[in-house]
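# Structural overview
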Amino acid sequence: MKKRFFLFRYFSTQFLILMLVAFVANFTYISTSILFALFAKKIGLNVTETGIVISALTLGALIGGPIWGKFVDRTGKRKITILISMIGQGVFCLITPFISGFFPLLMVRFGFGWFWVAQTPIVNEIIIKKRNIEAKNRELSWINIIRGVSYSIAMLISGYLSDFDPTWNFYLAGIVSLAIIYPILLLKKVDGLRSQEEGLKIDGKWILRWKNFLFYLPIFLRSTAVNGLSFFIPLFWKEKGLSAAFIGMVLGVSNLIQLMFFPIVGKTCSRKMKNIPSIILFGYALTIIPFIVAPFLYRGISVFVPQSVLSISWVFFYIATTLLLGEIAPYSQRTEALGWMETAFNLGGTIGPITFSFILAGSSNNYPLSFLSFSLLVFSALIIFSSYERKYHHR
């Protein structure tokens, strides 16, 4: 009898396919988005136009997130939605290099964001619906490890391709997205209505409650700040004389550091669920550091520090926030609730780059001032979530 490959011994074929979806979706997004400012500069867009086009992607995801989530919660059609997501993002990647002009590019990036966002809340919802807490946290950790690996690989590849020709990033991402259509068709037992399984009703007013606003608002503020930093720090480094290949390596290698933290955070959450809010608070606090040090650490190995800290903060914030949302959201509306979390992320992703570009332009490209001003958003998020935790969760 042949020994099974390491991952196959611990995970089902079903989960391995979900890992593949998560890997490809994240690879596609990262390889065509994080260094998009370099592509935009190559085709003649100014700083403000670049910020707006970057925000078009997140605007598409912002609008699409809750719509896809509600569609899945109402129909139970998870497999076909994941399939549509991958095909849609692949097609929009492949047509991007043929688009010229500000407004056409705006529409294409919006379309990419609309389709790309559909798979994330579905994959997360399939995982967090598990009754076994240890299995749920283990799989959530691994799915994010895979996303982290894809981020690093995408940054390393896109960095080198951007020095050669940025358009090749879009061709590669499109081909990879379309290449996994067959594995997605092999998914089983992912469809079905949670409300029918549990005999529960849909609460149409759940999202309108004040406590949920206080939960999602800090996510939005953090996302606004992080997207402003993430999309423009490559330009800052480029102005300091770093090559696109080196920038890609910095982002990719820094991201690898977070991978060792996913199982640690997942295990910590499974052992002491009551500590999840504290882990989220730590994630918010850690996020502030890169904004303060980024303007000063851009020489030698010091350039790895801000991105590494930001990557680690993401682990504490994202794992704990996803698990807490799985606990507080109605069971029959978890996909929708996760869709709203993606909306908070992408609303910040829409506003962040635009706001940062305006601050940057208004301050005559004063990057230190822009970075430090955005740190106040993360600090505000920390205060608001702390208030939410004391008022609604710490009981």
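Remember, it's a predicted structure, so these values are computed and weren't measured experimentally. (Residues numbered from 1 in each chain as written. Predicted model: local features only at pLDDT ≥ 70, side-chain atom pairs only at ≥ 80, totals over all residues. Heavy atoms only, no water.)

## Notes on the overall build of the protein chain
What the protein chain contains, in helices and strands, is 18 helices and zero strands. The proportion of buried residues among the 395 residues of the protein chain is 58%. The contacts in the protein chain between residues at least 6 apart in sequence include a share of 85% that link residues at least 24 apart. (Helix = DSSP H or I, 4+ residues; strand = E, 2+ residues; numbered from the N terminus. Buried < 20%, exposed > 50% of the residue type's maximum accessible area, 1.4 Å probe, protein only. Contact = heavy atoms within 4.5 Å.)

## Notes on the packing of aromatic side chains
What the rule picks out here adds up to 25 aromatic pairs. Taking the centre distance of 4.6 Å and the plane angle of 20° together, the rings of Tyr29 and Trp116 count as stacked. Separated by 87 residues along the polypeptide, Tyr29 in helix α2 (residues 13-33) and Trp116 in helix α6 (residues 102-116) bring together distant segments of the chain. Three or more aromatic residues link up through ring pairs in this structure, and these residues are Phe215, Tyr216, Tyr284, Trp314, Phe317, Tyr318, Phe345, Phe385 and Tyr388. Sitting over the face of the ring of Phe112, Arg109 holds its NZ or CZ atom 5.0 Å from the ring centroid. (Phe/Tyr/Trp six-rings, centres within 6.5 Å; stacked < 30°, edge-to-face > 60°. Lys NZ or Arg CZ within 6 Å of the ring centre and 35° of its normal.)

## A look at helix α9 (residues 167-178)
The end-to-end C-alpha separation of α9 is 17 Å, in line with the 16 Å expected for twelve residues at 1.5 Å each. For α9, the set of buried residues is Thr167, Asn169, Phe170, Ala173, Gly174 and Ser177. On an axial view of α9, the arc spanned by its buried residues comes to 150°, and they lie on one face. (Expected span 1.5 Å × (residues − 1). Arc of directions from axis to C-beta.)

## Some remarks on the environment of Ile280
Relative to the elements of secondary structure, Ile280 occurs in helix α15 (residues 276-293). Distance in space between the C-alpha atoms of Ile280 and Leu324 is 9.2 Å, their sequence separation being 44 residues. Each residue touching Ile280, except ones within four places of it in the same chain, is listed here: Phe316, Phe317, Ala320, Thr321, Leu324 and Phe385.

## A look at the nonpolar core
One finds Ile143, Ile219 and Trp237 to be the most contacted residues of the largest nonpolar core, which totals 118 residues. The dominant element in this core, judged by the number of residues it contributes, is helix α12 (residues 210-239), at 15 residues. Leaving out residues up to four positions away in the same chain, Ile219 has contacts with Tyr284, Phe317, Thr321, Met341, Ala344 and Phe345. (Core = buried A, V, L, I, M, F, W, Y, C linked by side-chain atoms within 4.5 Å.)

## Overview of the packing of α12 against α15
It is at 11 Å that the axes of α12 and α15 come closest, and there the two elements cross at 25°. It follows from the interaxial angle that α12 and α15 lie roughly parallel. The way α12 lies across α15 gives a crossing that is left-handed. In this structure, α12 uses Pro218, Ile219, Arg222, Ala225, Val226 and Leu229 to contact α15, whose residues at the interface are Tyr284, Thr287, Pro290 and Phe291. Residue composition of the contact of α12 with α15, by class: eight nonpolar, one polar and one charged. (Axes fitted to C-alpha atoms, helices over the stretch in contact; angles between N-to-C directions. Parallel < 35°, antiparallel > 145°, perpendicular 65-115°, else oblique. Left-handed = near helix turned anticlockwise from the far one by under 90°. Nonpolar A, V, L, I, M, F, W, Y, C, P; charged D, E, K, R; others polar.)

## Thoughts on the confidence of the model for the protein chain
For the protein chain, per-residue confidence averages 79 on the pLDDT scale, and 86% of positions sit at 70 or higher. Across residues 1-7 the pLDDT falls below 50, and counting only partners more than four positions away or on other chains, this stretch makes three contacts in the model. Contacts of residues 195-200 to residues separated by more than four positions or lying in other chains number eight contacts, the stretch itself having pLDDT below 50. (pLDDT = per-residue confidence, 0-100.)

## Structural notes on the environment of Ala56
One can find Ala56 in helix α4 (residues 47-75). Counting along the chain gives 54 residues from Ala56 to Phe110, while the straight-line C-alpha distance between them is 4.8 Å. Contact partners of Ala56, with chain neighbours within four places excluded, come to Leu106, Arg109 and Phe110.

## Comments concerning the side chain of Ser223
Inspection of the secondary structure puts Ser223 in helix α12. The exposure class assigned to Ser223 is buried, which follows from its relative accessible area of 6%. Aside from chain neighbours lying at most four places away, what touches Ser223 is Ala344, Phe345, Asn346, Gly348 and Gly349.

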